[in-house]
Amino acid sequence: MIKIVGILIVLGSVLGGYVLSGGHVMAIVQPFEVLIIGGAAFGAFLQSNPASTTKRVLKKSLQMFGSRINKALYLDVLKMLYEVLNKSRREGMMAIEADIEEPNASAIFSKYPAILKDEQMTAFVCDYLRILSSGNMAPHEFEGLFEMELESLKADLERPPRAVNQVADALPGFGIVAAVLGIVVTMAMLGEAEQNAIGQHVGAALVGTFLGILAAYGFTGPLAASLAHDAAEELNLYEAIKATLVASSSGMPPSMAVEFGRKVLLPGNRPSFVELEQAVRGG
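Residues numbered from 1 in each chain as written. Predicted model: local features only at pLDDT ≥ 70, side-chain atom pairs only at ≥ 80, totals over all residues. Heavy atoms only, no water.

Draft legend 1. Representation of the overall build of the chain. Counting secondary structure elements, the chain contains twelve helices and zero strands. When the helices and strands of the chain are listed from N to C terminus, the series reads α-α-α-α-α-α-α-α-α-α-α-α. Whereas a compact globule of 283 residues would reach a radius of gyration of roughly 19 Å, the chain reaches 26 Å, over 25% beyond that. By its C-alpha atoms, the chain is 90 × 35 × 30 Å across when sized along the principal axes. By the burial criterion, 37% of the 283 residues in the chain qualify as buried. Counted over contacts in the chain with a minimum sequence separation of 6, partners at least 24 positions apart contribute 75%. By element, 64% of the accessible surface of the chain is carried by carbon and sulfur atoms, the whole surface being about 15,400 Å². Charged side chains in the chain number 22 positive and 28 negative. The centres of these two groups are separated by 6 Å. (Helix = DSSP H or I, 4+ residues; strand = E, 2+ residues; numbered from the N terminus. Rg over C-alpha atoms; globule rule 2.2 N^0.38 Å. Buried < 20%, exposed > 50% of the residue type's maximum accessible area, 1.4 Å probe, protein only. Contact = heavy atoms within 4.5 Å. Areas by Shrake-Rupley, 256 points an atom, 1.4 Å probe, with all protein chains shown as cover. Lys, Arg positive; Asp, Glu negative; His and termini not counted. Charge placed at Lys NZ, Arg CZ, Asp CG, Glu CD.)

This is how it looks when you write it as C-alpha cells:
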C-alpha cells in the first residue's frame, strides 16, 4: 500500500506543480514520445537479460505491492523448522524422511502453505534436512556447504534489481533520443508550418526528455531499489534457515536452534523471543 501512496505522491507533485504553474496537461500527453522511450527501454531490457530474468522481474514487480516477506513468514519458517527438528529428535532422523521427500504430503509442511508455495525455499530446506539426516557431514563442513550455496543464491537474487536498475540508468538517454527525433521533425517543418505549430512540436520534443527522467527517477529507479530490498530480505531468511540447521547439526536442541535462526533475522520484522516461544509451543 505504501508503494502505491509513493507513486501517487510522485505523480501528484509533478503534475500538480506543473498545472499550478500554468501548464496544460494535454501538452505533455505525447503517445509517440512514450512509444519511443518505452519501446526502446523494453527492447534494451530484453537484449541484456535472459528470458528467466525477464519473467522473474515481471513476477517480483507485481509482488512489490504486497508484503510477501514479513514477520508472519519468518515465524512460519522457524515454526516449521522447529517441528521438523523436534520430530527428528524424538523419533529419530529416519522419521522425517517421508516429510522431506514429499513435502506436499507432509503433515508438517502442509501447515505452512506460504512456504510450500515457494518451491525454491522448500527444496532448499528439504535438501539440507536430507544432508543432516545422513549424519555423514561434520558441522563445519555442513556450514561450508551452506555458505557456498548462499553465495550463488545471493547472485541469483540480485539479478532482477540489477536488470531494472540498468533500465533506470538508460531511460534519461532514451528520453534525449525521443527529444532529438522530435527536433528533427520540427526542423523539417521550418518554412512550411506556422510558428504556433513549430512551437507545439518543440514542446512535444522536450516532453521526451521530461518523460525519460521522470520514469527513471520517479518509478523505475525506486522499483529497482524495492526489488533490492526484497532480495536482501529473502536472502536473510535463507541465512536464518542456515543458522538454525547448523546449530542443530552442532547438537543444539530444536528450541535453541530456532533461536539461532531468529537472531540472524533483520530487526525490522524479526519476531521477539516471546513471540517465537509462544509460536513453537502452540501458545
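Draft legend 2. Local environment of the packing of helix H4 (residues 71–91) against helix H7 (residues 119–134). For the pair H4 and H7, interaxial distance at closest approach is 13 Å and the crossing angle is 25°. Overall, the two elements H4 and H7 adopt an arrangement that is roughly parallel. At the point where H4 passes H7, the crossing takes the right-handed sense. Contacts between H4 and H7 pair Val77, Met80, Leu81, Val84 and Leu85 from the former with Met121, Val125, Leu129 and Leu132 from the latter. Class assignment of the residues belonging to the contact of H4 with H7 gives a composition of nine nonpolar, no polar and no charged. (Axes fitted to C-alpha atoms, helices over the stretch in contact; angles between N-to-C directions. Parallel < 35°, antiparallel > 145°, perpendicular 65-115°, else oblique. Left-handed = near helix turned anticlockwise from the far one by under 90°. Nonpolar A, V, L, I, M, F, W, Y, C, P; charged D, E, K, R; others polar.)

Draft legend 3. How the structure looks around the environment of Leu78. With respect to the secondary-structure elements, Leu78 resides in helix H4. Sequence separation between Leu78 and Phe219 is 141 residues, and the spatial gap between their C-alpha atoms is 35 Å. For Leu78, the contacting residues outside a window of four places in its chain are Thr244, Val258, Gly261, Arg262, Leu265, Pro271 and Leu276.

Draft legend 4. Summary view of a nonpolar patch on the surface. A cluster of nonpolar side chains, Met1, Ile2, Ile4, Val5, Ile7, Leu8, Ile9, Leu11, Leu15 and Phe65, forms an exposed patch at the surface whose accessible area comes to about 920 Å². Mapped onto the fold, Leu11 is located in helix H1 (residues 2–20). Accessibility expressed as a relative area gives 35% for Leu11, which makes it partly exposed. (Patch = residues over 30% accessible without salt bridge, like charges linked within 9 Å, V, L, I, M, F, W, Y side chains within 5 Å. Salt bridge = Lys/Arg side-chain N within 4 Å of Asp/Glu carboxyl O.)

Draft legend 5. Focus on H7. Over its 16 residues, H7 extends 23 Å from the first C-alpha to the last, a length consistent with the 22 Å expected when each residue adds 1.5 Å. Where H7 is concerned, the buried positions are Met121, Thr122, Phe124, Val125, Cys126, Tyr128, Leu129 and Leu132. A positive backbone phi angle near 70° is found at Gly135, which sits one or two residues after H7. (Expected span 1.5 Å × (residues − 1).)

Draft legend 6. Spotlight on the pattern of salt bridges. Enumeration over the complete set of coordinates arrives at 13 salt bridges. When the shortest N-O distance is used, the salt bridge between Glu275 and Lys71 registers 3.5 Å. Taken as a pair, Glu275 in helix H12 (residues 273–280) and Lys71 in helix H4 lie far apart in primary sequence, 204 residues in all. Of the residues examined, Glu275 reaches a relative accessible area of 31% and is grouped as partly exposed.

Draft legend 7. Region of interest: the nonpolar core. Of all hydrophobic cores here, the largest spans 45 residues; its most connected members are Val77, Met80, Leu81, Phe109, Leu129, Ile241 and Leu245. Per-element accounting of this core gives the leading share, ten residues, to H4. With residues up to four places along the chain from it excluded, the contact list for Leu129 reads Val84, Leu85, Met93, Ile100, Phe109 and Leu245. With 17 residues, the next largest nonpolar core counts Ile28, Met64, Ala163 and Leu171 among its residues. (Core = buried A, V, L, I, M, F, W, Y, C linked by side-chain atoms within 4.5 Å.)

Draft legend 8. Fine view of the side chain of Thr53. Within the element layout of this structure, Thr53 appears in helix H3 (residues 51–63). Relative accessible area serves as the criterion here: at 4%, Thr53 is assigned to the buried category. Residue contacts for Thr53: discarding those within four places in its chain leaves Arg159 and Ala163.

Draft legend 9. Structural detail: the confidence of the model for the chain. Here the chain averages 88 in pLDDT, and 96% of its residues register 70 or above. Looking over the chain, one finds the lowest element-wise mean pLDDT in H3, namely 87, and the highest in helix H11 (residues 254–264), namely 93. (pLDDT = per-residue confidence, 0-100.)

Draft legend 10. Here's a closer look at the packing of aromatic side chains. Within this structure, the stated rule accounts for six aromatic pairs. Measuring from centroid to centroid gives 5.9 Å for Tyr128 and Phe142, while their planes differ by 65°, and the two rings are edge-to-face. Residue Tyr128 is found in helix H7, and its partner Phe142 is found in helix H8 (residues 139–157); the two are separated by 14 residues along the sequence. Overall, the relative accessible area of 2% leaves Tyr128 in the buried class. For Phe142, a relative accessible area of 2% corresponds to the buried category. Consider the rings of Phe142 and Phe146, whose centres lie 5.1 Å apart with planes at 75°: the pair is edge-to-face. With Phe142 and Phe146 both in helix H8 and four residues apart, this pair spans about one turn of that helix. Phe146 matches Phe142 in its accessibility class, with the two residues each being buried. (Phe/Tyr/Trp six-rings, centres within 6.5 Å; stacked < 30°, edge-to-face > 60°.)

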